[in-house]
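# Close look at the chain arrangement
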Amino acid sequence: MSDQPWWKSAVVYQIYPRSFADTNGDGVGELAGIRAHLDHLVWLGVDALWLSPIFPSPMRDFGYDVADYCDIDPTFGTLADLDALVEDAHARGLRVLLDWVPAHTSSDHPWFVASRSSRDNPRRDWYVWRDPGPGGAVPNNWTTPWSEGGPTWTFDERTGQYWLHSFLSEQPDLNWENPEVVEAMHDTLRFWLDRGIDGFRADVIHNIGKDPALADVPAHQAKVPHCALNHDPRTIGHLRGIRAVVDAYPGDRMIVGEVFLTETKQVPAYYDSGRGLHLSFNFPPMFLPWEAAAWRGAIEEAAALFDPEDAWPTWVLSNHDWPRHRTRLGSEARARAAAVLLLTLRGTPFLYMGEELGLEDAAVPPERVVDPGGRDGCRAPIPWTRDSGHGWPPRAWLPLPPDAAARNVQAQRDAPSSTLHLYRRLLAARRNCDALASGSLHLLDGLPDGVLGYRRSAGDERLVLIHFQSGEVAVPGWPGSVVEVASDGRGEGETFDGTLGSDRAVILKPATS
Ligand code: GLC
């Protein structure tokens, strides 16, 4: 595996810094909180951390509205705090990825303030401005994911034109067709690469290229957010430039792109055979039902579309934008079996902080809702300790997730049967086995209904079996094979008995290994 870049066999752990750990008692997490828990993350066994945005921001979209790409928001600390965090992470063998938001800035960014100030400001064309249509109408029929699909346009009274915003009106889209924008954004990458950052998760990066015609979408798609439809070839050209900036640095720096398109078949283009993104998210599996056939289909599709040489796949079950998979799947047993799946598929897995504790989304009462996109539940603070505050002041910025008395780090570290220990065993199994970390995947045929099985091979071999239904089912293992990890912890280290109970998954190793 040594000839492969680190990000092919790594497991990346997403941290939403506001909710990770609070060390100053203000109810909001910060960089010092992350730094204080690095040893825990090493104990867990992840390889890299991706920090959701920590840059100065008015926080209308909680940091995905950047007002300065080259500094740290005081909520989270200072540049010196980040340097210290990166140094300590590197000393422990952890890599650090930042969240780069290239498609739009905050409306508070000085670039937009200048752009908005007059039609002849030199920065006017750094954003996308258009004249009103007949009768003052918006320039086209594009919609945002917010405000029940409101228009992607806001009218500026002073200069008499609309600005384009694929998301909130306070998130104006940058105009990547302007070479000055391209250069300025490349410089923001260099700023962090020079400081030793290992790479970036690039927010809605498929949305940077746009056909300047800005034509209407067909009427039947007018309610689909435009950003989910915008599969434009100009983006690929921009990605080549971005890739060249990142690859000019030593040490396998990388970019994983948030390519949020509804169709998987559109995603591989963004890798551009090694000239575009190093990795891209592939989101449709996040929305699959808990069914063996659906997952088999997704695995076959990924195998057909993503060439492991040029377009190494990724897998993810949860992030800061969608209900957690524990909430979506509806039971702890399923969430634990899903963890076995996530961490044994072929590709780089991304974990979202708290899934290793089996966290569910918090119930957020209407008076405490803060996110304009309704995503507060999955962003609730991480419970660290057993005591009543669980490591947070009485009123943290969001309510804690349900059952924090049991689902907290301290309690679960003490309980070998916990979800936390399951994740730790899965991560250790990957780390110790080339087949699981990066080997080939061969789906098994002829398994009973509701069972998905595959063999991973890279010199060594593992068999993974997942039962998606209730009741007990007999499944063929290898003769004499041993249970390496079981989603319910039962039978580990023992010869596999050939049965799987409800929503149970196992990793088997051959008798001889
Ligand atoms: C991405 C982020 C999401 C954000 C949006 C706009 O989808 O993951 O949190 O709201 O982009 O930046």
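Residues numbered from 1 in each chain as written. Predicted model: local features only at pLDDT ≥ 70, side-chain atom pairs only at ≥ 80, totals over all residues. Heavy atoms only, no water.

All right, on to the pattern of salt bridges then. Once their charged atoms are close, side chains differing in charge can pair, the charge on each being opposite to the other. Evaluated as defined, the whole model comprises 37 salt bridges. With a closest N to O distance of 3.2 Å, Asp321 and Arg379 form a salt bridge. On the criterion of sequence distance, the pair formed by Asp321 in the loop between β10 (314-316) and α10 (325-329) and Arg379 in the loop between β11 (348-352) and α12 (409-413) is long-range, its members being 58 residues apart. The pair formed by Asp321 and Arg379 is uniform in burial state, with each residue classed as buried. Asp488 is the salt-bridge partner of Arg490, the closest N and O atoms lying 3.1 Å from each other. Classification of Arg490 as exposed rests on a relative accessible area of 53%. Within this structure, Asp61, Asp321, Asp371, Arg375 and Arg379 form a network of salt bridges that share partners. (Salt bridge = Lys/Arg side-chain N within 4 Å of Asp/Glu carboxyl O. Helix = DSSP H or I, 4+ residues; strand = E, 2+ residues; numbered from the N terminus. Buried < 20%, exposed > 50% of the residue type's maximum accessible area, 1.4 Å probe, protein only.)

Further remarks concern the domain arrangement of the chain. By the assigned domains, the chain splits into domain 1 (6-105 + 179-429), domain 2 (110-164) and domain 3 (440-509). A straight line from the C-alpha centre of domain 2 to that of domain 3 covers 55 Å. (Domains from an automatic or database assignment.)

In this section: the packing of helix α11 (residues 332-342) against helix α13 (residues 419-431). The N-to-C vectors of α11 and α13 enclose an angle of 15°; their axes lie 10 Å apart at closest approach. Judged on the interaxial angle alone, α13 and α11 are roughly parallel. Crossing of α11 against α13: the hand is right-handed. Taken together, the residues of α13 that come into contact with α11 (itself represented by Glu332, Arg336, Ala339 and Val340) are Thr419, Leu422, Tyr423 and Leu426. Residue composition of the contact of α11 with α13, grouped by class: five nonpolar, one polar and two charged. (Axes fitted to C-alpha atoms, helices over the stretch in contact; angles between N-to-C directions. Parallel < 35°, antiparallel > 145°, perpendicular 65-115°, else oblique. Left-handed = near helix turned anticlockwise from the far one by under 90°. Contact = heavy atoms within 4.5 Å. Nonpolar A, V, L, I, M, F, W, Y, C, P; charged D, E, K, R; others polar.)

Another aspect to go through is the packing of aromatic side chains. A full pass over the atoms with the stated rule returns 26 aromatic pairs. Relative to Trp129, the ring of Phe112 lies with its centre 5.8 Å away and its plane at 5°, an arrangement referred to as stacked. Of the two residues, Phe112 is situated in helix α6 (residues 110-117) and Trp129 in strand β4 (residues 129-130); the sequence distance between them amounts to 17 residues. An identical accessibility class is assigned to Phe112 and Trp129; each is buried. (Phe/Tyr/Trp six-rings, centres within 6.5 Å; stacked < 30°, edge-to-face > 60°.)

With that settled, consider the site of the ligand. Near the ligand lie 14 residues; those nearest to it are Asp61, His104, Asp203, Glu258 and Asp321. Contacts to the ligand include His104, whose side-chain N or O atom sits 2.8 Å from an oxygen atom. His320 places a side-chain nitrogen or oxygen 2.9 Å from an oxygen atom of the ligand. Partitioning the shell around the ligand into residue classes produces four nonpolar, three polar and seven charged. (Near = heavy atom within 4 Å. Polar contact = N/O pair within 3.5 Å; in protein donor to acceptor, adjacent residues only side chain to side chain.)

The next thing to look at is the sheet that holds β11. Within a sheet, neighbouring strands are paired by backbone hydrogen bonds and run either parallel or antiparallel to one another. Strand order in the open sheet formed by eight strands is β9-β8-β7-β3-β2-β1-β11-β10, with parallel pairing between adjacent strands. At either end of the open sheet lies a strand with only one pairing partner, and these are β9 (279-280) and β10. In this structure, strand β1 (residues 12-15) lies alongside β11, joined through three bridges in parallel fashion. Bridge pairing in β11 places Gln14 opposite Tyr352. Against the sheet, helix α7 (residues 179-194) engages β3 (95-100) and β7 (199-202), with an angle of about 155° to β3. (Pairing = 2+ DSSP bridges.)

To continue, consider the pairing of strand β6 (residues 161-164). Alternating residues of β6 divide into Gln161 and Trp163 and Tyr162 and Leu164, and every residue in both groups is buried. As paired elements, β4 and β6 share two bridges and run antiparallel to each other. Opposite Trp129, over in β6, you have Trp163 as the bridge partner. Here strand β5 (residues 153-156) runs beside β6; their pairing, made up of four bridges, is antiparallel. Among the inter-strand pairings, Trp153 is bridged to a residue of β6, identified as Leu164. What sits between the antiparallel neighbours β5 and β6 is a turn of four residues, in which Gly160 has the positive phi angle 70°.

This part is about the nonpolar core. Within the largest apolar cluster, 142 residues are counted, with the highest numbers of intra-cluster contacts made by Leu51 and Leu82. Considering each element in turn, this core owes the most residues, seven residues, to α7. Setting aside residues no more than four positions away along its own chain, Leu82 makes contact with Leu31, Leu51, Ile54, Ile72, Leu98, Trp192 and Ile197. Counting 13 residues, the second largest nonpolar core, distinct from the first, contains Val483, Ala486, Phe496 and Leu500. (Core = buried A, V, L, I, M, F, W, Y, C linked by side-chain atoms within 4.5 Å.)

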